[in-house]
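Working through the structure, step by step
Each chain is listed here by its residues.
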Amino acid sequence: QVQLVESGGGLVQAGGSLRLSCAASGRTLSNYAMVWFRQAPGKEREFVTGISANGYTTTYADSVKGRFTLSRDNAKSTVYLQMSSLKPEDTAAYYCAARPFTFSSYPTNYNYWGQGTQVTVSS
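A brief report on the enclosed structure follows. (Residues numbered from 1 in each chain as written. Predicted model: local features only at pLDDT ≥ 70, side-chain atom pairs only at ≥ 80, totals over all residues. Heavy atoms only, no water.)

So, on to the overall build of the protein chain. Secondary structure assignment for the protein chain yields zero helices and eleven strands. Relative to the 2.2 N^0.38 estimate, which gives 14 Å for 123 residues, the radius of gyration of the protein chain is 13 Å and therefore close to what a compact globule would have. With the C-alpha coordinates aligned to their principal axes, the bounding extent of the protein chain is approximately 40 × 30 × 25 Å. Residues counted as buried form 45% of the 123 residues belonging to the protein chain. A total accessible area of about 6,300 Å² is found for the protein chain, and carbon and sulfur atoms account for 47% of it. Averaging the positions of the 11 positive and the 7 negative side-chain charges in the protein chain gives two centres separated by 6 Å. (Helix = DSSP H or I, 4+ residues; strand = E, 2+ residues; numbered from the N terminus. Rg over C-alpha atoms; globule rule 2.2 N^0.38 Å. Buried < 20%, exposed > 50% of the residue type's maximum accessible area, 1.4 Å probe, protein only. Areas by Shrake-Rupley, 256 points an atom, 1.4 Å probe, with all protein chains shown as cover. Lys, Arg positive; Asp, Glu negative; His and termini not counted. Charge placed at Lys NZ, Arg CZ, Asp CG, Glu CD.)

Encoded structure:
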């Protein structure tokens with residue numbers, strides 16, 4: 001019903017920046033809350049940031065506040081995650097996820113997922 005495709009991951013040095021993109025197809029993005037989760041080896045999947053369906057409210061995990069910025073472009077059915085001042089602790093597979101209307105920070109509440117994009121931060 002909804003297909004999500006992430007891009008933009010890669011290898012960067014600590015202090016560097018990356019911009020991740022999540023493009024949606026199949027349904028309009030405007031009615032979906034969009035979130036990013038990440039998962040490092042041996043760790044639980046962790047909420048990173050999310051944006052409400054109307055785009056008015058953005059929420060960030062404490063670990064990324066002030067460094068990551070989430071935005072959405074409904075005309076392009078795409079959300080963007082600008083990551084700055086990256087730290088080795090940010091190394092993880094990053095997953096875009098979507099659900100209709102209502103925002104949630106719990107991954108079990110999401111049915112639509114991207115394939116993941118790897119972010120590796122070296123020091």
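One can find Leu4 in strand S1 (residues 3-7). When the C-alpha positions of Leu4 and Tyr60 are compared, they lie 21 Å apart, and in sequence the two are 56 residues distant. With residues near it in sequence (within four places) discarded, Leu4 still touches Cys22, Ala23, Ala24, Met34, Cys96, Ala97, Ala98, Tyr112, Trp113, Gly114 and Gln115. (Contact = heavy atoms within 4.5 Å.)

To continue, consider the sheet that holds strand S7 (residues 68-73). On the basis of which strands lie adjacent, the open sheet formed by four strands has the order S1-S3-S8-S7 and antiparallel pairing. With one partner strand each, in any of the chains shown, S1 and S7 form the two edges of the open sheet. Ignoring strand direction, the axes of neighbouring strands in this sheet form an average angle of 15°. Examined bridge by bridge, S1 and strand S3 (residues 18-25) share five bridges and lie antiparallel to one another. (Pairing = 2+ DSSP bridges. Axes fitted to C-alpha atoms, helices over the stretch in contact; angles between N-to-C directions.)

For strand S8 (residues 78-83), the buried fraction is high: five of the six residues fall into the buried class. By the bridge criterion, six bridges tie S7 to S8 in an arrangement that is antiparallel. The residue of S8 that forms the bridge with Ser71 is Tyr80. Turn length for the S7-S8 hairpin, with the two strands adjacent in sequence and antiparallel, is four residues, and the turn residue Ser77 shows positive phi of about 50°.

The subject of this paragraph is the nonpolar core. Counting 34 residues, the largest nonpolar core has Leu4, Met34, Trp36, Met83 and Tyr94 as its most contacted members. Secondary-structure elements contributing two or more residues to this core are S3, strand S4 (32-39), strand S5 (46-51), S7, S8, strand S9 (92-100) and strand S11 (117-122). Look past the residues within four positions of Met83 in its chain and what remains in contact with it is Gly16, Ser17, Leu18, Leu20, Arg67, Phe68, Tyr94 and Val119. (Core = buried A, V, L, I, M, F, W, Y, C linked by side-chain atoms within 4.5 Å.)

Enumeration according to the criterion identifies one disulfide in this entry. In this model Cys22 forms its disulfide with Cys96; the gap between the sulfur atoms is 2.1 Å. Its S-S torsion of about -80° marks the bond between Cys22 and Cys96 as left-handed, since a negative value means left-handed. Of this pair, Cys22 sits in strand S3 while Cys96 sits in strand S9; the two residues are 74 residues apart in sequence, bridging distant segments of the chain. A relative accessible area of 0% means that Cys22 is categorised as buried. On the accessibility criterion, Cys96 (0% relative accessible area) is buried. (Disulfide = S-S within 2.5 Å.)

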